[in-house]
Amino acid sequence: MIGWIRQVYSAFISLINSYLCAVLGRIMKQLFADIILPVPLPQLFTYEVEEEYGGMIAVGKRVVVPFGRKKLYSGIVHRVHEEKPTAYETKPIVSVLDSEPVVNRNQIRFWEWLADYYQCTLGEVLKAALPSGLKLESETRIIYNDEFEADRALSSRVSRVLDIIAAKKMCTIQEVNQISGLNNCLPILKQLLEYEAIFINERLKESYRAKTEKIVTLAPEMGNEPILEGVFKKLERAPKQLALLMAFIVECGGLNKAIEGGSVRRIHLLKKASSTGGVLKELLNKGILSQSEVEIGRLDLAPTDIQEIKALTAEQQSAIGAIQKQFTEKEVVLLHGVTSSGKTEIYIHLIEACLKKGQQVLYLLPEIALTTQITNRLKKHFGNQLGIYHSKFSDAERVEVWNNLLKGDGYKVIIGVRSSVFLPFSNLGLIVVDEEHENSYKQFDPAPRYHARDAAVVLARFHKAKTLLGTATPSIESYYNAQHGKYGLVELLTRYEGIKMPQIIAVNTREAYRKKQMKSHFSPVLLNHMEEAFARNEQVILFQNRRGFAPFVECNQCAWVPKCKHCDVSMTYHKHLNQLVCHYCNYSLSLPERCPACGTPGLETKGFGTEKIEEEIKQIFPEQKVARMDLDTTRSKKAYEKLIFQYEQKEIDILIGTQMISKGLDFENVSLVGILNADNMLNYPDFRAFERSFQLMAQVSGRAGRKNKQGLVILQTSNPNHPVIIDVINNNFLNNFTTQIEERELFKYPPFYRLINISIKHKDAQKTNKAAYLLGEQLRHLLGNRVLGPQAPPVGRIQNLFIKKIMLKVERRASSAKVKQLVREVIFSLTAQQEFRSVLFQIDVDPM
């Protein structure tokens, strides 16, 4: 019996030991993490997770890892696992930067979709998605060698640089350049490295810094009234210090609150007391007051007065009911509402409904210029629940918007441009894509070359949210999808409160020029109606979709035209700079006084841009206040806001602009719009030229007569009988759509076929041509007549890179994933050859 018990006990102990060994084995197993690095490489890299980080590592956190010989990168954890790579030796993670993930799992799924669909790498998506303030950058650090003894005479330049580094002990290349006054200190640093006078290493620089503010409190020793009474007596001989202390107590709300730990902002205290930093310093040195820094937000989260949402008209109420009904069956609904039909008010009601359910809303706009007016309008209803996100904000401000959403402690509605799709939403209920037809939603360079409208539809699907596309001029693809049941369709074809659509008058400029009736670029019809508008104290918008003074300048004698030395394109003349500027690479040079080719003095400007219009209109109407809205005048953060505010306040009579002024801006006092040259849009060599021309002219026309009375549009063209012009005059979107859709089906364009553009670029024209030819032949062998090209684009060299393009037209029923895989394989086979390793291949899916 005892022997049997011993056997059972022994077996039990053995079982427990086996279990503990298994558990400990699992605990002690080496963890690995796949990291998304901000580099354009097709695969993720796996790193060891050392024991100290085992409990900290998690998907979506930032980590610092070594990459290459001496580089450090911050990346995002994509996956944590126990699978050791066999192809290479893993390196350990250097540190984990976050206590909580900065990227959620829905975002990573979204990144994976973007990388796959738009044929780029996850690293490229990461670089586009994260605000710069969350990306740590490797920075070269120079360290002085204390043991260095010169065994040779150093030149004065080298000695000066060495003295700078020795004084600082450690600095960056940028700091050396700034202190020494040298443009490039790298050759000298190379010398010092060879002498072993300095060492070089890499460190990570974090660009985001929390905003702080200095506050003043009573010193801990001043914690009761008797002590403070003694202080007051001592300060009787220092009246300025006593006055500052008394002001501090008053601003705290009394003596008791000051003793209980009350604080006052330093800058506010000095202003209220009319005192100086020197007086405050004396109180700090005497241990009476204490100063510290506290973190404050850059975002305006202060409560605001909320206004009631306006009641909808019968037409708007019918439209919103139809949208909500469609949302029960469709994920995406297209709202086709004519200009000034009240679409924004419908958006506001839908946003309100989402907020009542505790959901978040993303409101996408194509241009930063639009955010100013829309923000002011939505702020009245949603107060500090509304956040703004775009590139005119500083890095630090964008990080704070990101963190605010991540924590879920503030913003419920985000207004932003295309980059807003990358924000860390946790409970997204609705995405509104306003002006969905705009090609500004398409990212061109760098990768990912995504379309924010299409990406928003996918993002909403990941969150089980709905997408509302709104516009007065739908894109051909969206309207086709709505007509064929893929999207819901709701139409609002009357203006708010029954105001008539603007009257459009086409002026034949060819005839006007022939009869010598034109005054510069302005027809007599336009000038007469402008005078009438000013007599009624009304405002005017003039539209010319080209910035600068003149598209090019030319010698009258030999026809020489200055071209960019880096690009195959003529340079645009900007008169306010007196410079010729390349709009592709920003290379600029002063306008020559004589023709470099034949020596003839003076060059003549050809064509006209917004700057020239501004100059000439000021001469014609010297009494009117004129402003210009284009890329040159709106580079700063507040420039849009200032211009729009001035125009709303009627401080400006004539607003001249490019396509920026066509996109949803609402000015109640504009009665007249002049489209100065409709022909340059219609004649652009692109299959979308007629679609875009109709959209642009209809949208610009829609700025006229938005409140109280019918507006007027003067459309200057050399061909007033052009079918697109006639459709614009008649506001006939359906006819324009029908014509375009028939042509697209005939010539195999979207929405019937998918397009993929491949750009081949290299600084050597022959290598570009050879690579493009081989790529085209190999793709033709696999895909047949779906492959067009290679051919040169309209501008065949940009930034010293020669360009060839290949276009693929792929049927909708064909597997686009298979086609993309074949393209990748062919490109990979070419780049594997030594000859083509330096050739750049760029894939653009669904190009615009």
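Just so you know, the residues in each chain are numbered from 1, in the order the chain's sequence is written. Only residues with pLDDT of at least 70 are given local features in this predicted model, and only at 80 or more are side-chain atom pairs given and counted; all residues enter the totals for whole chains, interfaces and linings. The side-chain numbers reported here are obtained from all heavy atoms of the structure, hydrogens and water having been left aside.

## What to know about the overall build of the protein chain
- Secondary structure counts use DSSP, requiring at least four H or I residues in a row for a helix and at least two E residues in a row for a strand, with both numbered from the N terminus. Looking only at helices and strands, the protein chain features 27 helices and 34 strands.
- Per-residue accessibility, obtained with a 1.4 Å probe over protein chains only, is compared with the maximum for each type, and a residue is labelled buried under 20%, exposed over 50%, and partly exposed between these values. Scored against the burial criterion, the 848 residues of the protein chain give a buried share of 49%.
- Here the protein chain has roughly 41600 Å² of accessible surface; of this, 50% comes from carbon and sulfur atoms.
- In summary, the charge assignment counts Lys and Arg as positive and Asp and Glu as negative, without counting His or the chain termini. A charge is said to be at NZ when it belongs to Lys, at CZ for Arg, at CG for Asp and at CD for Glu. Computed over 110 positive and 92 negative side-chain charges, the inter-centroid distance for the protein chain is 2 Å. All accessible-area figures derive from a Shrake-Rupley calculation using a 1.4 Å probe, and residue coverage is judged against the displayed protein chains alone.

## A word on the pairing of strand β26 (residues 626–629)
- Across the two faces of β26 the burial is the same, with Val626 and Arg628 and Ala627 and Met629 all buried.
- A pair of strands is labelled paired if DSSP reports no fewer than 2 bridges between them. Direction of pairing for β26 relative to strand β27 (residues 654–657): parallel, over a ladder of 4 bridges. When the bridges of β27 are listed, Arg628 appears paired with Ile656.

## Focus on the sheet that holds strand β18 (residues 488–492)
- Read across the sheet, 7 strands follow the order β14-β15-β13-β16-β17-β12-β18 without closing on themselves; strand pairing throughout is parallel. Each having just a single partner strand, β14 (386–389) and β18 make up the two edges of the open sheet. With strand direction ignored, the average angle separating the axes of adjacent strands in the sheet is 20 degrees.
- The pairing of strand β13 (residues 360–364) with strand β16 (residues 428–434) spans 5 bridges and is classified as parallel. Bridge pairing in β16 places Tyr363 opposite Val432.
- The sheet strands contacting helix α12 (residues 314–327) are β12 (332–337), β16, β17 (466–471) and β18, and the helix crosses β18 at an angle near 180 degrees. To get an axis, fit a line to the C-alpha atoms, keeping to the stretch in contact for a helix; angles then go from 0 to 180 degrees between the N-to-C directions. The contact rule is simple, with two residues in contact once any of their heavy atoms fall within 4.5 Å.

## Examining the side chain of Arg398
- Looking at where Arg398 falls in the secondary structure, it is placed in helix α15 (residues 395–407).
- Ignoring anything within four residues of it in the chain, the contact list for Arg398 reads Pro131, Tyr389, His390, Ser391 and Phe393.

## Some thoughts on the pairing of strand β29 (residues 712–717)
- In terms of burial, β29 is largely enclosed, as 6 of its 6 residues are buried.
- Side chains of β29 alternate between two faces, with Leu712, Ile714 and Gln716 and Val713, Leu715 and Thr717 buried alike.
- Examined bridge by bridge, strand β19 (residues 503–508) and β29 share 6 bridges and lie parallel to one another. Bridge assignment links Asn508 to a residue of β29, and that residue is Thr717.

## Describing the environment of Lys281
- Here Lys281 lies in helix α11 (residues 277–285).
- Residue class for Lys281 comes out exposed when judged on its relative accessible area of 52%.
- Measuring from C-alpha to C-alpha, the distance between Lys281 and Arg157 comes to 42 Å, with 124 residues separating the pair along the chain.

## Comments concerning α11
- Of all the residues in α11, the buried ones are Val279, Leu280 and Leu283. On an axial view of α11, the arc spanned by its buried residues comes to 100 degrees, and they lie on one face. In α11, the exposed positions angled more than 90 degrees off the buried face are occupied by Lys281 and Asn285.
- Once α11 ends, the next one or two residues include Gly287, with phi positive near 75 degrees. The reported arc concerns the directions from the helix axis to the C-beta atoms and nothing else.

## Regarding the pattern of salt bridges
- A pair is scored as a salt bridge if a Lys or Arg side-chain nitrogen falls within 4 Å of a carboxyl oxygen belonging to Asp or Glu. Counted by the stated rule, this structure contains 26 salt bridges.
- Arg453 is the partner of Asp454 in a salt bridge, and the nearest nitrogen-oxygen pair spans 3.0 Å.
- We classify Asp454 as partly exposed; its relative accessible area is 23%.
- Here Arg514 ties to Glu511 by a salt bridge, and the two come within 2.8 Å at their closest N and O atoms. One end of the pair is Arg514 and the other is Glu511, both in helix α18 (residues 509–514) and 3 residues apart, which spans about a single turn.

## Comments concerning the environment of Leu134
- Among the structural elements, Leu134 can be located in the loop between α3 (122–129) and β6 (136–144).
- Relative accessible area serves as the criterion here: at 4%, Leu134 is assigned to the buried category.
- Between the C-alpha atoms of Leu134 and Ala396, which are 262 residues apart in sequence, the distance is 9.0 Å.
- Not counting the four nearest positions on each side in its chain, Leu134 is found in contact with Arg62, Val399 and Trp402.

## Quick look at the packing of aromatic side chains
- Any two of the Phe, Tyr and Trp rings considered here, Trp counted by its six-membered ring, make a pair once their centres fall within 6.5 Å; the pair's planes then place it as stacked at under 30 degrees, edge-to-face at over 60, or tilted in between. Considering all chains together, one arrives at 19 aromatic pairs under this definition.
- Each ring, one from Phe694 and one from Phe733, has its centre 6.3 Å from the other, and the planes form 45 degrees; the classification is tilted. Taken as a pair, Phe694 in helix α23 (residues 689–701) and Phe733 in helix α25 (residues 733–747) lie far apart in primary sequence, 39 residues in all. Phe733 matches Phe694 in its accessibility class, with the two residues each being buried.
- Between Phe733 and Phe737, the ring centres sit 6.2 Å apart and the planes meet at 25 degrees, which makes this aromatic pair stacked. Of the two residues, Phe733 and Phe737 are both situated in helix α25; the distance of 4 residues between them amounts to about one turn of the helix. Residues Phe733 and Phe737 agree in their burial class; the two are buried.
- Against the face of Tyr749 rests Lys809, its NZ or CZ located 3.8 Å from the ring centre.
- In this structure, Lys820 packs its charged tip against the face of Tyr117, placed 3.8 Å from the ring centre. Placement of a positive charge over a ring is assigned whenever Lys NZ or Arg CZ falls within 6 Å of the ring centre and within 35 degrees of the normal to the ring plane.

## Considerations on the packing of helix α17 (residues 476–483) against α25
- Running from amino to carboxyl end, α17 crosses α25 at an angle of 95 degrees, the nearest separation of the two axes being 11 Å. Accordingly, the angle class assigned to the pair α17 and α25 is roughly perpendicular. Across the interface between the two elements, Ile476, Glu477, Tyr479, Tyr480 and Gln483 from α17 touch Phe733, Leu734, Phe737, Gln740, Ile741 and Arg744 from α25.
- Here the contact of α17 with α25 is composed, by residue class, of 7 nonpolar, 2 polar and 2 charged. Working definition: roughly parallel below 35 degrees, roughly antiparallel above 145 degrees, roughly perpendicular at 65 to 115 degrees, and oblique for all remaining angles. In this classification, Asp, Glu, Lys and Arg are treated as charged, Ala, Val, Leu, Ile, Met, Phe, Trp, Tyr, Cys and Pro as nonpolar, and every other residue, Gly included, as polar.

## Describing the sheet that holds strand β20 (residues 539–543)
- Spatially, 6 strands are ordered β19-β29-β28-β20-β27-β26 in an open sheet, and the strand pairing comes out parallel. Of all the strands in the sheet, just β19 and β26 have a single pairing partner and so form its edges. The mean inter-strand angle of the sheet, taken between neighbouring strand axes irrespective of direction, is 20 degrees.
- For β20 and strand β28 (residues 670–675), the ladder comprises 5 bridges, and the chain directions are parallel. Paired with Ile541 across the two strands is Val673, which belongs to β28.

## What about the nonpolar core?
- Here, the term nonpolar core denotes a set of buried Ala, Val, Leu, Ile, Met, Phe, Trp, Tyr and Cys residues that are joined through side-chain atoms within 4.5 Å. Trp111, Met697, Leu775, Leu779 and Leu808 are the most contacted members of the largest nonpolar core, which has 117 residues in total.
- Not counting chain neighbours up to four residues away, the residues in contact with Leu808 comprise Arg754, Leu755, Ile756, Ile758, Leu779, Leu783, Arg786, Val787, Val819 and Val823.
- If you look at the next biggest cluster of nonpolar residues, it comprises 28 residues, including Ile320, Phe327, Leu335 and Cys354.

## Describing the side chain of Glu611
- When you line up the elements, Glu611 lands in helix α20 (residues 610–620).
- No salt bridge is formed by the buried Glu611. Its closest oppositely charged neighbour is Arg628, at 4.9 Å.
- Polar contact is defined as a pair of N or O atoms within 3.5 Å, subject to the rule that within protein one atom must be able to donate a hydrogen and the other to accept it, and that residues adjacent in sequence are counted only when both atoms are side-chain atoms. One polar contact links the side chain of Glu611 to the main-chain amide nitrogen of His576, over a distance of 2.5 Å.

## A look at the confidence of the model for the protein chain
- The pLDDT value expresses, per residue, how confident the predictor is, ranging between 0 and 100. Across the protein chain, pLDDT averages 86, with 92% of residues at or above 70.
- Averaged over each element, pLDDT in the protein chain is lowest for helix α1 (residues 2–28) (51) and highest for helix α16 (residues 452–462) (97).
- The model gives residues 20–26 a pLDDT under 50, and that stretch makes 0 contacts with residues more than four places away or in other chains.

## Looking at unusual backbone geometry
- Across the junction of Pro750 and Pro751, the peptide omega takes the value 10 degrees, indicating a cis bond.
- Look at the link from Gly789 to Pro790: it is a cis peptide, with omega at 15 degrees.
- Within the fold, Pro790 resides in strand β31 (residues 787–791).
- Phi angles above zero are rare outside glycine, and Gln799 is one such case at about 50 degrees.
- Positionally, Gln799 belongs in the loop between β32 (797–798) and β33 (801–811).

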